[in-house]
Amino acid sequence: MTFALIATGGTIACTTVEDGSLVPTVSGQQLVESLDDSPADAQSFDVIEFRQLDSSSITLADLDELLACVQSQLARDEIEGVLITHGTDSMEETALALSLFDLGSGPIVVTGAQRSFDHPQGDGPRNLRDALELLRTKKSGVWVQFGGRTIAGRGARKWHTSHLNGFEELPVGEPLHAPLPLVPLAPHTVSIIAAYPGSDAALVDASLTHSSGLIIEALGSGNMGEEMGAGVARALEAGIPVVISTRTPYGKTKLAYGGAGGGATVGELGAVASGAFRAGQARILLAAALATGTPVADIFAQAPATRTYTAD
């Protein structure tokens with residue numbers, strides 16, 4: 001079996017530099033060669049040196065190039081799946097984007113590490129080996145393989161800053177739309193704005209000149225301060241799509257409450273609830289809806305989830 005390994009940087013590729021900070025310096029080929037206890041494992045990969053980035057710096061333009069790279073690799077007859085090494089900060093956004101688009105047949109696995117390549121108890125080698133074993137099962141779909149867990153890319157979330165089992169799967173349900181044709185996301189800037197008690201409209205109003213869509217990381221089931229709610233109303237009147245997520249760790253947004261900042265009020269004006277998607281993945285979904293011309297409510301519609309996951 002031959003798989004493509006696409007290296008993007010992240011902690012799994014970081015080493016400690018002179019000032020003590022972590023910098024991505026390790027190539028994809030070096031990561032493959034770190035599987036030296038099994039030379040046959042290293043020979044399983046064609047390596048693509050895509051980026052050496054902290055994943056917090058990955059832009060939608062980078063993501064567009066990555067998706068195109070995955071699609072081109074899966075189009076090769078000899079490639080049976082793709083492994084992406086990636087930073088943990090934005091792994092959930094990339095995993096969702098990979099699951100939204102029609103990129104070809106074959107498993108796609110995303111992995112990384114919480115500890116650097118040169119850490120004496122690094123978790124990268126285990127995650128790499130587990131990811132390779134998952135690829136060999138030919139389990140179709142997009143997966144985050146991390147800390148001994150196999151997590152669906154749709155609904156993945158980093159729940160802990162440093163825990164070696166730092167990812168979980170939220171019960172977001174299955175999409176009701178078919179895989180989308182691959183089109184660029186970068187032209188569609190989506191901003192995330194956090195609500196807080198008594199939040200005003202300053203950031204919402206300021207975003208109207210440069211955002212194609214807004215994600216509001218609201219309180220509770222989808223609420224915000226009255227002034228902020230008035231700002232969201234102005235955004236909707238200006239034709240800017242708005243999706244309401246929540247800062248609460250678990251549960252769905254339901255847009256149930258009245259009042260100027262209540263979820264029901266902004267929902268009546270056209271805002272869409274994100275369901276169980278948190279703000280990061282909601283941003284990718286909204287950008288994909290705008291890029292493909294899919295109605296925003298349709299891209300967030302979902303079949304009922306049958307399982308519920310919680311953090312350890």
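Computed from a predicted model, the values in this text were never measured in an experiment.

Caption draft 1: Local environment of empty space enclosed by the protein. Summed over all chains, the structure comprises 2 cavities of 30 Å³ or more. In this structure, the largest cavity is lined by Ile 12, Leu 31, Ser 34, Ala 113, Arg 115, Ser 116, Phe 117, Gly 122, Gly 124, Pro 125 and Leu 128. With 3 residues, helix H5 (residues 124-136) is the largest single contributor of residues to the lining of the largest cavity. Looking at side-chain class alone, the lining of the largest cavity contains 6 nonpolar, 4 polar and 1 charged residues. Put simply, the second largest cavity is a space of about 30 Å³. In this structure, the second largest cavity is lined by Glu 92, Gly 155, Ala 156, Arg 157, Leu 170, Phe 277, Arg 278 and Gln 281. A per-class count over the lining of the second largest cavity returns 3 nonpolar, 2 polar and 3 charged. Mapping the lining of the second largest cavity onto the domain boundaries places at least three of its residues in each of domain 1 (3-169) and domain 2 (190-303).

Caption draft 2: Layout of the pairing of strand E5 (residues 79-85). By the criterion of burial, E5 is predominantly enclosed, with 6 of the 7 residues buried. Pairing geometry for strand E1 (residues 2-9) and E5, over 5 bridges, is parallel. By the bridge assignment, Thr 2 is partnered in E5 with Ile 79. Where E5 lies against strand E6 (residues 108-111), 4 bridges are found, and the strand directions are parallel. Within E6, the position partnered with Thr 85 by the bridge is Thr 111. Handedness of the crossover joining E5 and E6 through helix H4 (residues 91-100) is recorded here as right-handed.

Caption draft 3: Seen up close, H4. Counting buried residues along H4, 9 of its 10 residues qualify, which places the element largely inside the surrounding structure. Inspection of H4 places Met 91, Glu 92, Glu 93, Thr 94, Ala 95, Leu 96, Ala 97, Leu 98 and Leu 100 among the buried residues, and these make up the whole buried set.

Caption draft 4: Examining the side chain of Ser 199 more closely. Take Ser 199: it is sitting in the loop between strand E11 (190-194) and helix H6 (202-207). Leave out the neighbours within four places in its chain, and Ser 199 touches Met 224, Gly 225, Glu 227 and Met 228.

Caption draft 5: Here's a closer look at the packing of helix H3 (residues 60-74) against H4. Between H3 and H4, the shortest axis-to-axis distance is 11 Å and the interhelical angle comes to 50°. Between H3 and H4, the angle falls in the class oblique. In the crossing of H3 with H4, the sense of the turn from one axis to the other is right-handed. Along the contact surface, H3 presents Leu 63, Leu 66, Leu 67 and Val 70, while H4 presents Thr 94, Ala 97 and Leu 98. A class-by-class count of the residues in the contact of H3 with H4 yields 6 nonpolar, 1 polar and no charged.

Caption draft 6: Structural view of the sheet that holds strand E7 (residues 142-146). Strands sit in the order E4-E1-E5-E6-E7-E8 across an open sheet of 6 strands; the sheet is mixed. In this open sheet, the two edge strands, each paired with only one partner strand, are strand E4 (45-53) and strand E8 (149-152). Pairs of neighbouring strands in the sheet enclose a mean axial angle of 20°, with direction left out of account. The pairing of E7 with E8 spans 4 bridges and is antiparallel. Looking at E8, one finds that Phe 146 is bridged to Arg 149. Strand contacts of H3: E1, E4, E5 and E6, with the helix running at about 180° to E4, the strand carrying the most contacts.

Caption draft 7: Structural context of helix H9 (residues 279-292). For H9, with 14 residues, the first-to-last C-alpha span of 20 Å sits near the 20 Å given by 1.5 Å per residue. Most of H9 sits inside the fold, with 11 of its 14 residues counted as buried. Those residues of H9 lying buried are Ala 279, Gly 280, Gln 281, Ala 282, Ile 284, Leu 285, Leu 286, Ala 287, Ala 288, Ala 289 and Ala 291. Looking one or two residues beyond H9, the residue adopting positive phi is Gly 293, at roughly 75°.

Thresholds, definitions, all that
- What you see as residue numbers is a count from 1 along each chain, following the sequence as written.
- Reporting of local features is limited, given that this is a predicted model, to residues whose pLDDT is at least 70; pairs of side-chain atoms are given and counted only at 80 or more, and all residues count toward the totals for whole chains, interfaces and linings.
- The basis for every side-chain value is the complete set of heavy atoms in the structure, and neither hydrogens nor water enter the calculation.
- Cavity means a closed set of points on a 1 Å grid over the protein atoms alone, one where a 1.4 Å probe fits but cannot get out, pocket means an open set with protein on both sides within 12 Å along at least 5 of 7 lines, and lining means a residue has an atom within 4 Å of a point.
- Grid points are joined across faces, edges and corners, and a volume is the space filled by probe spheres set on the points.
- A run of H or I in DSSP counts as a helix once it spans at least four residues, and a run of E counts as a strand once it spans at least two, with each numbered from the N terminus.
- Following the grouping adopted for this structure description, the nonpolar residues are Ala, Val, Leu, Ile, Met, Phe, Trp, Tyr, Cys and Pro, the charged ones are Asp, Glu, Lys and Arg, and the polar ones are all others, Gly among them.
- Either an automatic procedure or a domain database provided the assignment from which the domain bounds are taken.
- Three exposure classes are used, based on accessible area relative to the maximum for each residue type with a 1.4 Å probe and protein chains only: buried under 20%, partly exposed in between, and exposed over 50%.
- The pairing criterion is simple: DSSP has to find at least two bridges between the two strands.
- Place the viewer so that the strands point away; then a crossover is right-handed whenever the path from the first strand over the helix to the second strand goes clockwise.
- Residue contacts are defined here by distance: any two heavy atoms, one from each residue, within 4.5 Å place the two residues in contact.
- In this analysis an axis means a line fitted to C-alpha atoms, helices contributing only their contacting stretch, and an angle means the value between N-to-C directions, from 0 to 180 degrees.
- Orientation labels follow simple angle bins: below 35 degrees gives roughly parallel, above 145 gives roughly antiparallel, 65 to 115 gives roughly perpendicular, and whatever is left gives oblique.
- Handedness of a helix crossing follows the sense of rotation of the near helix relative to the far helix, less than a right angle counterclockwise being left-handed and clockwise being right-handed.
- Multiplying 1.5 Å by the helix residue count minus one yields the expected span of that helix.

Just geometry here; none of it tells us what the structure is for.
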